[in-house]
Protein chains: 2
Amino acid sequence: MMKDDEAAITAGLAPARPAGLDRRRRRREETINEILGTAVQVMTEEGVAGLSLSEVARRMGIQPPSLYKYFPSKVALYDALFLRGAQETLDAFSAAAAEAEPGWNALVAGTEAVIRLGLDHQVVAELLNWRPVPGFEPSPQAFAPSVEFVHKIAQQLEIAAARGELDPAAASEEGLALLSVLIAGVFSQQLANEPHATFQQGRYTRLTSRVLELFRSAYPLKEGEQ
Amino acid sequence: MMKDDEAAITAGLAPARPAGLDRRRRRREETINEILGTAVQVMTEEGVAGLSLSEVARRMGIQPPSLYKYFPSKVALYDALFLRGAQETLDAFSAAAAEAEPGWNALVAGTEAVIRLGLDHQVVAELLNWRPVPGFEPSPQAFAPSVEFVHKIAQQLEIAAARGELDPAAASEEGLALLSVLIAGVFSQQLANEPHATFQQGRYTRLTSRVLELFRSAYPLKEGEQ
DNA sequence: GTCTATAGCCTGATAGAC
DNA sequence: GTCTATCAGGCTATAGAC
């Protein structure tokens, strides 16, 4: 059984000054990335919970014990996948939001970018948003980007309220919960019922902007607000 | 369990043949129900995909091969769980809707009942709404109640439109998709983030009526409609 | 319909040689 | 860091006695 070790992040950063060590570290990171990529492939075929270290090793042409030089346990591998996925999600939101006008427009752009990313990396999205692996919970470090992500959404809600694009009540716990319900609804319906559709054509994802407008209409500006 | 006591009691009273066959069939159904119930327990602890026939047998105090007298394979067991869950969901919706005024009120009552049922039977709800078991797809028979369920919702949308509670545009493919997005959003967020909360207290489920009102406002009556 | 026994796989993880 | 060898267990499913 899984010993339920510390789900430590194992992308160990050695102090490494000399040049030879640098190259070795780079090779190590490449191998780690190959393991993560192969793991995603396996999960895509066998389900998130169906990940098998033996199968990963088999596909990489190495022996299972070698994997333990990079990840001390299966849980640690899940943790690394979670961390990478959460960071990518945060980056996608930030990048899309940064290119739009701050406030409501940034929120819409960021949301769409995150849904698109999730469609492209479905198993990772499952790992991030649901709880498909009993016994696995992300470590605080792996979860940190997700926290930051929520924080950024709240920020944009506040900006939108300050700009008079939404009623200030939208920038609240309730507003955040409502927004997350709408986005999760679009995403989970699409994934469960039509996982291979594109964002544009998906029966549910194509409702994204309609749903976001619905959110906006839930917090209409009151008389006298800008 | 108590099955043995019951068998002992009825053994002396049972008339010759016809009733004997009857009793045997009833016992068989009881065993099947016990298997299904135990399977739900195991899935609750180990995840939907973590269901193990050996573990079911262990908890029932029988040997694994005995299970094969009732279900020819593990997939067949999943299928039976799916069928039972889908039927219960349909029944819950129908019962709640029947007690309310047909149309919008019935839709609201039915929706709430289904979400409550899902909260009480979370693993079954996962099996019904997501795809947690790679390689398992419900058979047409097991899926039939789900089809009927969607049909009933569409019916109530039409009734609501006919009664002038919604714009007729709500009774469309798009309206159905939008409604399913909203309900799935509430449910999946609650399950993923606060699975142990009650319907009343859940950070997301308590938004249910707010979200349904939002749906209604997405299809406002036009001038001149009743 | 229950059981024992077992086939024929799979898994995660460790020890230790090279 | 790679390997072989192996532990110690898990699993689904089948065969056949009772």
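Everything numeric in this text was worked out from a predicted model, so none of it was measured.

(A) How the structure looks around the protein's contact with DNA strand C. Around DNA strand C sit 17 residues, and of these Ser52(A), Pro65(A), Tyr68(A), Ser66(B) and Lys69(B) come closest. When atoms of DNA strand C within 4 Å of the protein are sorted by moiety, sugar and phosphate together comprise 69%. For DNA strand C, a phosphate oxygen lies 2.8 Å from a polar atom in the side chain of Ser66(B). The set of elements that each furnish at least two residues to the surface near DNA strand C consists of helix H2 (53-60) of chain A together with helix H4 (64-67) of chain B.

(B) Expanded view of the pattern of salt bridges. Residue and element names in this part refer to chain A. As enumerated under the stated definition, the model contains 24 salt bridges over all chains in all. Between Arg-59 and Glu-45 there is a salt bridge, with the nearest N and O atoms lying 2.9 Å from each other. Of the two residues, Arg-59 sits in helix H2 while Glu-45 sits in helix H1 (residues 19-46), which places them 14 residues apart along the sequence. Relative accessible area serves as the criterion here: at 31%, Arg-59 is assigned to the partly exposed category.

(C) Inspection of the protein's contact with DNA strand D at higher detail. Close contacts around DNA strand D come from 16 residues, with Ser66(A), Lys69(A), Tyr70(A), Leu53(B) and Tyr68(B) the closest. When atoms of DNA strand D within 4 Å of the protein are sorted by moiety, sugar and phosphate together comprise 69%. One nitrogen or oxygen atom from the side chain of Tyr68(B) is found 2.6 Å from a phosphate oxygen belonging to DNA strand D. Broken down by secondary-structure element, the contributors of at least two residues to the surface near DNA strand D are helix H3 (64-67) of chain A together with helix H3 (53-60) of chain B. At 3 residues, the largest contribution of residues to the surface near DNA strand D is made by H3(B). Looking at the surface near DNA strand D residue by residue, the classes come out as 7 nonpolar, 5 polar and 4 charged.

Rules of the game
Along each chain, residues carry numbers from 1 onward, in the same order as the chain's sequence is written. Chain labels run from A onward and ligand labels from 1 onward, assigned in the order the entries are written. The predicted origin of the model limits local features to residues at a pLDDT of at least 70 and limits the giving and counting of side-chain atom pairs to 80 or more, whereas totals for whole chains, interfaces and linings rest on all residues. Side-chain calculation: all heavy atoms of the structure are included, whereas hydrogens and water are not. Neighbouring residues are identified by heavy atoms, a residue being near a molecule or strand if any of them is within 4 Å of it. A 3.5 Å cut-off defines polar contacts: any pair of N or O atoms within that distance qualifies, except that in protein one atom must be a possible hydrogen donor and the other a possible acceptor, and neighbouring residues in sequence count only when both atoms are side-chain atoms. By the criteria applied, helices consist of DSSP H or I runs no shorter than four residues and strands consist of E runs no shorter than two, each listed in order from the N terminus. By salt bridge we mean one thing: a side-chain nitrogen of Lys or Arg within 4 Å of a carboxyl oxygen of Asp or Glu. Burial classes: relative accessible area under 20% of the type maximum marks a residue as buried, over 50% as exposed, and values in between as partly exposed (1.4 Å probe, protein chains only). Note on residue classes: Ala, Val, Leu, Ile, Met, Phe, Trp, Tyr, Cys and Pro are nonpolar, Asp, Glu, Lys and Arg are charged, and everything else, Gly too, is polar.

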